[in-house]
Every structure is written in structure tokens, then in C-alpha cells.
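# Commentary on secondary and tertiary structure
Listed below are the residues making up each chain.
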Amino acid sequence: MGQVSHVSEPDAALAPDSAGAEAEGSDRAGSFRFWFDDQRWEWSDEVAELYGYRPGQVQPTTELVLSHKHPADRAAVADALAIAVRDHGAFCSRHRIIDTAGRVRHVLVVADHIFDATGAVVGTSGYFIDLTATVDQQRREVLDETLPEVVESRAAIEQAKGMLMLAYGLTAEQAFQVLRWRSQETNTKLRVLATKLVAVAAAAGGGPVQQRTQLDHLLLTIHEYPD
């Protein structure tokens, strides 16, 4: 049966600069898919490398994924996965993992639903985003030089950062990294992306019950909304 997803296919996962992907502490993100019926995982090479594996070295399973979770976060992630399977909801989480070299990494998982040809929800698909790295002053200066609109439109970007900080419990720097990642992934100017995210979220009304799921969907699809 054909599968349709609201988010990018794992085969078209993020492709960061190879030197940056190998550098210690560099920003990394990659895509995944998780099928509810057989609890089958698919992940991109970037996610495998985030966990410390070579591309194709292992077949991801729920057991393998949970084995890498930080002991303090493992139960919460297991619960989130169990709820996603039970309710056929999107899997989203912010937690720590321990890679094969023993390094602790902070990751954010944002996801949307996968639908089959009948419109039934059959899985969840999205991205693992490495939040471990911090942006140093030199990278800030380069960003300010290459994207002056970021500085000129700081108000909209700060509002969008605040939304992500509230929904995911991120620091201001981590929230900015997420916005910058979506800007690069969708080839959308950061100012435009932030302005649209704030406007569409405000118009939607929001609410505490499904706030995180709604924001996941907006974050992954905001570039598709009309200007």
C-alpha cells in the first residue's frame, strides 16, 4: 500500500556539509520514519551517525533506540513512543542520548503523521535535531554578515524563538538553531520563516492540550503556507 507523509522523505534527508558533520560538536539533523503496526524504524545516515554508527551498520529498532537514551530520560521516551503507537499520534520529544563513544547529546525530535492511501494514520515521520552544539561568536558574526535581514528583523525572530522556547523548553540559542535549520532546509529566508510562523500560530488560536503537536506540524510545514 502506498504511503504518504506530510514531511520530507528520509531518502531526501538533510545533507550537512561533510566536514561539519564529522566535526565534534557540529550541528546535525536527520530524518526518520516509524511504522506503528510492526514498530519498524527507518533512519537517515545522519541519524545513524548521531548515534555513533556508520551508515548501514545497524538496523534501527525500538530496543536499540531506547538503549541509547540517557538513563534519566529513557522512561519518558519509552512512554512517548508507547502513547504514539497506542493513539497513532506523532512522536515528539526532547531528550538526551548517549552515542557509541559514550558522548551525551541533546536532541529534539519533531514529527508529523504518515498516512496511507485511505487517509489512515500508519506511522510518524520527522527529524532528529542535534542541539548539543552552541553557536560561538565567530559563527554569529558570519551569520550577521551573510544574513543582514536577521539583524534587521530581530523582533519577528525573537517572537518565533520564544514560541519554540515555550513549547519545547529550549534555550534561546537552541531555539535559534532550530529556526536556522528550517530556514536552510526549506530555502526560506529566516526573517520570512519567523514572521510566517508567528502569524499562522497566532491565527490558529492554539491551546495547551495539543500545543506541542500543533507546533511540530507548523514547524515542519510552515514553508508551504502562502505568503
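Residues numbered from 1 in each chain as written. Predicted model: local features only at pLDDT ≥ 70, side-chain atom pairs only at ≥ 80, totals over all residues. Heavy atoms only, no water.

## What about the packing of helix H7 (residues 154-168) against helix H8 (residues 172-186)?
Axes are the key here: two packed helices are described by the angle between their axes and the distance separating the axes. One way to put it is that H7 packs onto H8 with a least axis distance of 9 Å and a crossing angle of 105°. In terms of orientation, H7 lies roughly perpendicular with respect to H8. Across from Arg-154, Ile-157, Ala-160, Lys-161, Leu-164 and Met-165 in H7, the residues of H8 making contact are Ala-172, Ala-175, Phe-176, Val-178 and Leu-179. For the contact of H7 with H8, the per-class residue count stands at 9 nonpolar, no polar and 2 charged. (Axes fitted to C-alpha atoms, helices over the stretch in contact; angles between N-to-C directions. Helix = DSSP H or I, 4+ residues; strand = E, 2+ residues; numbered from the N terminus. Parallel < 35°, antiparallel > 145°, perpendicular 65-115°, else oblique. Contact = heavy atoms within 4.5 Å. Nonpolar A, V, L, I, M, F, W, Y, C, P; charged D, E, K, R; others polar.)

## Thoughts on the pairing of strand E2 (residues 29-35)
Along E2, 7 of the 7 residues are buried, which leaves the element largely enclosed by surrounding structure. Alternating positions in E2 separate into two faces, Ala-29, Ser-31, Arg-33 and Trp-35 on one and Gly-30, Phe-32 and Phe-34 on the other, with burial throughout. Where E2 and strand E6 (residues 121-130) come together, 7 bridges link them in antiparallel fashion. Counterpart to Arg-33 in the pairing with E6 is Ser-125. Pairing between E2 and strand E3 (residues 40-43): 4 bridges, direction antiparallel. Residue pairing across strands places Arg-33 opposite Glu-42, the latter belonging to E3. As consecutive antiparallel partners, E2 and E3 are separated by 4 residues, and within that stretch Gln-39 has a phi angle of approximately 50°, a positive value. (Buried < 20%, exposed > 50% of the residue type's maximum accessible area, 1.4 Å probe, protein only. Pairing = 2+ DSSP bridges.)

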